[in-house]
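Overview (structure and organization)
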Amino acid sequence: MTTADDLFDQSQGNIQRLDLREIPFTESPIDLESETLQRIFTGRQGELLQVFNQFQSRERRRILVYGRIGIGKSAFLLEVLSVLRRKRPKMLTTYISLPAGLDLATTALLAVAKEMDDDYWAQRYLYQLGIPTSKILKERSSKVGGNALITAETSEKDMEPVTSQYPTVSLNILLERAQDKYPDGVVIAIDDLDKRNPSEVRQMMHDAQGMLKGDAWFMLTGHPMGITGDLLTSERGLFDLQLKLDELDQPTTYKMLINYLSSARLDNDCTDPQDPRCVLPFTPEAAAEFCRVSLGKPRLFNRLGNTVLSKAADSEVDLITP
Ligand SMILES: Nc1ncnc2c1ncn2[C@@H]1O[C@H](COP(=O)(O)OP(=O)(O)O)[C@@H](O)[C@H]1O
Ligand SMILES: [Mg+2]
């Protein structure tokens with residue numbers, strides 16, 4: 001009888017038959033700290049250069065990255081930040097996806113506080129927002145001693161979120177505190193502004209002007225259909241660079257396919273587009289066709305890739321033809 005464990009092995013074997021460790025395609029962006037991002041991120045050279053040019057300035061800059069959903073805004077932002085983390089160790093880089101219900105200044109404050117592990121004030125602030133940190137918890141439990149009842153009572157009281165009434169002021173204080181350790185400045189990347197509706201974002205940008213003109217570098221993302229369109233016209237001058245991300249061209253998409261596949265391949269990491277082995281388990285013709293129907297849209301590319309590889313694994317083939 002076939003057990004569930006056997007089925008798992010069979011499923012894994014079907015992927016391995018394609019000479020892959022796993023299906024490399026994902027629809028959500030890759031983690032900033034992972035090496036995978038570096039291996040799979042493809043193209044956008046001109047756009048990266050434009051952003052890096054901004055970072056050669058001593059003066060902090062505000063950058064807006066916009067483009068349609070799935071075009072690669074989050075991936076681009078994360079790629080920029082990961083390069084900065086390697087190249088500018090004395091710059092603090094922070095990333096946050098705009099949380100529901102928070103204004104931009106509080107969001108920025110949260111992003112920075114999260115990265116300042118050894119700053120008591122930052123950790124205290126997170127704790128007040130209802131995000132407990134090991135440092136504060138440890139300090140508290142030593143204060144209340146061994147009495148379990150008191151501990152329980154205290155935690156409930158302390159857990160009540162007390163958001164700052166003046167997040168912009170708080171942020172500036174935090175930025176000042178970061179100055180010693182990070183003399184090259186603080187980058188605050190706020191992703192997914194387009195999750196909110198246009199009028200809400202317009203108000204949010206309006207309220208955040210003081211913060212945006214303050215002491216940090218900012219990178220924001222949105223998409224042109226909603227907020228960004230308004231933003232570009234009504235808040236002109238707020239950004240030093242407004243960067244539009246478009247569809248990738250076919251050779252770049254082909255290269256992207258090679259990078260994804262080689263990041264998961266078991267025993268060949270060929271990345272030369274001239275070598276047909278680099279698109280295995282696709283034949284070069286199938287790979288070209290795959291890139292054509294992906295239309296240079298990274299999310300569509302990933303979605304299709306997932307479907308095609310799952311199907312190939314299920315059908316127990318070892319080569320994908322057009
Ligand atoms: N230049 C790129 N190279 C490799 N993968 C990319 C690239 N751009 C986007 N992706 C991937 O495509 C998917 C969709 O991109 P994402 O950044 O989430 O789009 P957006 O934020 O614009 O909606 C993600 O899995 C992402 O990792
Ligand atoms: Mg995104």
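In this report, the structure presented in the accompanying data block is examined. Only a predicted model underlies this, so the values are computations on that prediction, with no experimental measurement involved. (Residues numbered from 1 in each chain as written. Chains lettered and ligands numbered in written order. Predicted model: local features only at pLDDT ≥ 70, side-chain atom pairs only at ≥ 80, totals over all residues. Heavy atoms only, no water.)

What follows deals with the overall build of the chain. The helix and strand inventory of the chain stands at 15 helices and five strands. For the chain, with 322 residues in total, the buried portion stands at 46%. Long-range contacts, defined here as pairs at least 24 residues apart, represent 74% of the contacts in the chain between residues at least 6 apart. Summed over its atoms, the accessible surface of the chain is roughly 16,600 Å², and 51% of this surface lies on carbon and sulfur atoms. (Helix = DSSP H or I, 4+ residues; strand = E, 2+ residues; numbered from the N terminus. Buried < 20%, exposed > 50% of the residue type's maximum accessible area, 1.4 Å probe, protein only. Contact = heavy atoms within 4.5 Å. Areas by Shrake-Rupley, 256 points an atom, 1.4 Å probe, with all protein chains shown as cover.)

The next subject is the side chain of T283. Note on placement: T283 falls in the loop between α13 (250-264) and α14 (284-294). Setting aside its immediate chain neighbours within four residues, T283 contacts L319, I320, T321 and P322.

Right, let's talk about the nonpolar core for a bit. Grouped together as the largest cluster of nonpolar side chains are 51 residues, with contacts concentrated most on V51, F55, F76, M219, L257, V279 and F282. For this core, the leading source of residues is α13, giving seven residues. Shared between two domains, this core holds at least three residues of each, these being domain 1 (44-117 + 166-244) and domain 2 (248-314). Judged by nonpolar contacts, the second largest core, of 38 residues, contains L109, L129, M211 and L238. (Core = buried A, V, L, I, M, F, W, Y, C linked by side-chain atoms within 4.5 Å. Domains from an automatic or database assignment.)

What follows covers the packing of aromatic side chains. What the rule picks out here adds up to eight aromatic pairs. With 4.7 Å between their ring centres and 10° between their planes, F55 and W217 make a pair best called stacked. Here the residue F55 occupies a position in the loop between α3 (45-54) and β1 (62-66), and W217 occupies one in strand β4 (residues 217-222), the gap between them amounting to 162 residues. Note on accessibility: F55 and W217 belong to one class, buried. Through successive ring pairs, a cluster of aromatic residues spans F25, Y260, F282, F290 and F301. (Phe/Tyr/Trp six-rings, centres within 6.5 Å; stacked < 30°, edge-to-face > 60°.)

The next subject is the pattern of salt bridges. Under the counting rule described, the total for this entry stands at nine salt bridges. Residue R277 pairs with D275 through a salt bridge whose shortest N-O separation is 3.4 Å. (Salt bridge = Lys/Arg side-chain N within 4 Å of Asp/Glu carboxyl O.)

This part takes up the site of ligand 1. In the neighbourhood of ligand 1, 20 residues make up the surrounding shell, with T26, G70, K73, A75 and Y260 lying closest. The contact in question runs from an oxygen atom of ligand 1 to an N or O atom on the backbone of G72, over 3.0 Å. Protein burial of ligand 1: of its 560 Å² of free accessible surface, 97% is covered by the chains. Of the pockets mapped on this structure, ligand 1 occupies the largest pocket. Of the residues contributing to the shell around ligand 1, the split by class is nine nonpolar, seven polar and four charged. A domain split of the shell around ligand 1 shows at least three residues from each of domain 1 (44-117 + 166-244) and domain 2 (248-314). (Near = heavy atom within 4 Å. Polar contact = N/O pair within 3.5 Å; in protein donor to acceptor, adjacent residues only side chain to side chain. 1 Å grid on protein atoms, 1.4 Å probe; cavity = no way out; pocket = protein on both sides within 12 Å on 5 of 7 lines; lining within 4 Å. Sits in = over half its atoms within 2 Å of the grid points. Nonpolar A, V, L, I, M, F, W, Y, C, P; charged D, E, K, R; others polar.)

Function-wise, these values are silent; they only describe arrangement.
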